[in-house]
Structures are given as C-alpha cells and as structure tokens.
Amino acid sequence: MILGWKTRYLSILKELKYSEKKDKESTIILDSILKKTKNIEKVEKLIQGNTVFVIGSGPSLSFAIPELKKFKKSIKIAADSSLKPLIDNGIIPDIIVTDLDGDENAIKKISKKKSIFVVHAHGDNIEKLQMVKKIKNCIGTTQTEPFNKIQNFGGFTDGDRGVFLASYFDAKKIILFGMDFGTRIGKFSNTKKSDRKIKLKKLKIAKDLLIWLSSITKSELFTTSMPIKGFKKIPYKDLDIIIT
Ligand SMILES: Nc1ncnc2c1ncn2[C@@H]1O[C@H](COP(=O)(O)OP(=O)(O)OP(=O)(O)O)[C@@H](O)[C@H]1O
Ligand SMILES: Nc1nc2c(c(=O)[nH]1)N=C(CO)CN2
Ligand SMILES: [Mg+2]
C-alpha cells in the first residue's frame, strides 16, 4: 500500500459515511471469486517505462475521442463508463479500471478479449462482483488492506485509481483525457440525477488525491482536460511531441 494512503482513506470514510467493515466484506468476496493469474505481471509490463493514457468520463471525452483514435499503439487505461464511448468508436483499451457500475453491455462486449479488468471491491458493489466470473482477464483491488489476490494501488474513483495504477507501475509519462473534475458531470458518466451531489463530492476527492499523487510520483504528469495542479496542461496538437 502506498505510504499515506490509510490516512486519506479514513478521512474519505468519514466524509462519505462509508463503512470500513463493508469495504472489507466486499474485498473478501472478490478475493474468493478471483482465480490465481499472471495478470498483475501483464499490467506491469504494459505500464512500466511507457507513456500511458488515462481516460475518464468528463465533458472533454467527446473531444478526446477523435484524438485518441490517432494513437493506436499507446497504452490506454479506461475508467469505467468511458469504456462504452471508446469501444463504440473502435478504441479498445488495454486496461479497464472499474467498480462495475459502468455500462454492463460494454463490459460484456470485451470481457472475453485481451483487455485486463482492474475490478475494485467496495461496500456498495457487493452484488456486482459476480460479473467477475464472466471476465477473462481480471485483477482485484480494494481501498482497505490488501491481502491474498487483492491489491491496493491507491486512489478512490475509477479515474484517479487508473492514474495511481500507472504511477505504481512506474509509467514514464501519464496523460489524462476526459478527466475534467469540476462541477460538470460528463454525459457518458452513469450518474443518476439523485446521485449528482455525492458524485461531485467524489470528483473533488479524486482531484485532491491526484494533486497529492503529483507531489510523490516519479511519473511525468500531463493533462489534455481541465487544468489540475501538478499536471502540465497540453493541447492535443502537442501529443505527438510528448509521446516521442
Ligand atoms: N467531470 C467529470 N464527470 C465524470 N467523470 C469524471 C469527470 N472528471 C473526471 N472524471 C473521471 O471519470 C471516471 C469515470 O467516470 P464514471 O462516471 O464511470 O465514474 P465512477 O468512478 O465509476 O463513479 P462511481 O463513483 O459512480 O463509481 C471517474 O471515476 C472520474 O475519475
Ligand atoms: N464504500 C464505497 N466505496 C466506494 C464507492 C462507493 O460508492 N462506496 N465508490 C467509489 C467509486 O466512485 C469508490 N469507493
Ligand atoms: Mg464506477
């Protein structure tokens, strides 16, 4: 677990009134469903020393998609609900970070392909975890203590967990797409009207975690989305220069 994570996790539990006990229960269930695999080593190989794109569902995702199509070979980590618009546009991510509340059909469509799913267990997705049985390549994560097959790379929402994952495995550069945070929820995000308030709180937590990560990571950080402290803002036209 990354140094300092526990303190941040405890303050998230307090703010959102989540139960550590339920998070732990969920984690134990995910561990019991997962098979022993070499998927962690595969994820490490995809990320280490490479430029990695992390794609979220913020408003700028619509503008990012035509740009992403130009970079077929770059390693792409999709956060949950960004998966559907990506595959609808012929972009197959290498890694999908999800707590399984994105589009279930999109997940089914690529669940038998070589993309690796990084599935997060928490107290509010216990029933969803059964979907893992149908996914070919999977690793499991938690926000509490890691154990057995379950990892904790740090991070909270699917998007920021993607960035923590890329940093954990020493990506050379990490470039954000559709990771705008702020007060506008992207149209591809699977957020019900009644969940808007909590979603905005989660986005604020995610942004603060990324600002913290920027002060400790060895990876070089960039964003094509809304500016964020610690990340160098780059226009799409400069992507070619950054990647090479
Ligand atoms: N303005 C934004 N609107 C929606 N998503 C955003 C925004 N900015 C960044 N993101 C990132 O996009 C990711 C994917 O969006 P999605 O709606 O699937 O979130 P999620 O983390 O699954 O949320 P939930 O808490 O409901 O599981 C989020 O995890 C978040 O990190
Ligand atoms: N207990 C609990 N933990 C979470 C939740 C959630 O709804 N409940 N949502 C997350 C992703 O946004 C991450 N972690
Ligand atoms: Mg999700």
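Please read these numbers as outputs of a predicted model, since none were measured by experiment. (Residues numbered from 1 in each chain as written. Chains lettered and ligands numbered in written order. Predicted model: local features only at pLDDT ≥ 70, side-chain atom pairs only at ≥ 80, totals over all residues. Heavy atoms only, no water.)

Some remarks on the coordination of the magnesium ion (ligand 3)
Six octahedral donors around a metal ideally subtend angles of 90 or 180 degrees, whereas four tetrahedral donors ideally subtend 109.5 degrees.
Part 1 of the argument: Distances from the magnesium ion (ligand 3) to its protein donors, Asp80 (OD), Asp99 (OD), Asp101 (OD) and Asp158 (OD), fall at 2.0 to 2.2 Å.
Part 2 of the argument: Each donor residue of the magnesium ion (ligand 3) lies on one chain, and together they are spaced D-x18-D-x1-D-x56-D. Within this pair, whereas aspartate 80 is found in the loop between strand E2 (75–79) and helix H5 (83–88), its partner aspartate 158 is found in helix H7 (residues 158–168), the two being separated by 78 residues in sequence. When sorted by exposure, aspartate 80 lands in the same class as aspartate 158, which is buried. (Donors = N, O, S within 2.8 Å, 3.2 Å for Na, K, Ca; no water. Helix = DSSP H or I, 4+ residues; strand = E, 2+ residues; numbered from the N terminus. Buried < 20%, exposed > 50% of the residue type's maximum accessible area, 1.4 Å probe, protein only.)

Considering the site of ligand 2
Part 1 of the argument: In the vicinity of ligand 2, the contacting residues are Tyr18, Asp23, Asp99, His122, Gly123, Asp124, Gln143, Phe156, Thr157 and Lys202.
Part 2 of the argument: Contacts to ligand 2 include histidine 122, whose side-chain N or O atom sits 3.4 Å from a nitrogen atom.
Part 3 of the argument: Alone, ligand 2 offers 340 Å² of accessible surface; in the complex the protein occludes 92% of this.
Part 4 of the argument: When grouped by side-chain class, the residues that make up the shell around ligand 2 number two nonpolar, four polar and four charged. (Near = heavy atom within 4 Å. Polar contact = N/O pair within 3.5 Å; in protein donor to acceptor, adjacent residues only side chain to side chain. Areas by Shrake-Rupley, 256 points an atom, 1.4 Å probe, with all protein chains shown as cover. Nonpolar A, V, L, I, M, F, W, Y, C, P; charged D, E, K, R; others polar.)

So, the site of ligand 1
Part 1 of the argument: Lining the immediate environment of ligand 1, one finds 25 residues, of which Ser81, Asp101, Asp158, Arg184 and Ser189 sit closest.
Part 2 of the argument: Note that an oxygen atom of ligand 1 is positioned 3.0 Å from one of the backbone N or O atoms of serine 57.
Part 3 of the argument: Between ligand 1 and lysine 202, the relevant distance is 2.7 Å, taken from an oxygen atom to a side-chain nitrogen or oxygen of the residue.
Part 4 of the argument: Summarising the interface, the protein chains cover 95% of the accessible area of ligand 1, which totals 590 Å² for the free molecule.

Thoughts on helix H2 (residues 20–33)
Think of an α-helix as 3.6 residues a turn; residues three or four steps apart then line up on the same face.
Part 1 of the argument: Compared with the 20 Å implied by 1.5 Å per residue over 14 residues, the 20 Å span of H2 between its first and last C-alpha is a close match.
Part 2 of the argument: Listing the buried residues of H2 in full gives Asp23, Ser26, Thr27, Leu30, Asp31 and Ile33. Buried residues of H2, viewed axially, fall in a sector of 160°; they line one side. Exposed residues on H2 whose side chains face more than 90 degrees from its buried face are Lys21, Ile28 and Ser32.
Part 3 of the argument: Looking at the buried positions of H2, the neighbouring elements they touch are helix H1 (5–16), strand E4 (116–121), strand E5 (138–142) and strand E6 (150–151). (Expected span 1.5 Å × (residues − 1). Arc of directions from axis to C-beta. Contact = heavy atoms within 4.5 Å.)

Points about the sheet that holds strand E3 (residues 95–98)
Part 1 of the argument: Strand order across the open sheet formed by nine strands is E6-E5-E4-E3-E2-E1-E7-E8-E9, with parallel pairing between neighbours. Each edge of the sheet is formed by a strand with only one pairing partner; in this case those strands are E6 and strand E9 (232–233).
Part 2 of the argument: Contacting E4, E5 and E6, H2 runs over the sheet at an angle of about 145° to E4. (Pairing = 2+ DSSP bridges. Axes fitted to C-alpha atoms, helices over the stretch in contact; angles between N-to-C directions.)

Observations concerning the packing of aromatic side chains
Part 1 of the argument: For the coordinates displayed, the defined rule picks out eight aromatic pairs.
Part 2 of the argument: On the basis of an interplanar angle of 75° and a centroid distance of 5.9 Å, the ring pair of phenylalanine 53 and phenylalanine 71 is categorised as edge-to-face. Residue phenylalanine 53 is located in strand E1 (residues 51–55), and its partner phenylalanine 71 is located in the loop between helix H4 (61–68) and E2; the two are separated by 18 residues in the primary sequence.
Part 3 of the argument: Residue class for phenylalanine 71 comes out buried when judged on its relative accessible area of 11%. (Phe/Tyr/Trp six-rings, centres within 6.5 Å; stacked < 30°, edge-to-face > 60°.)

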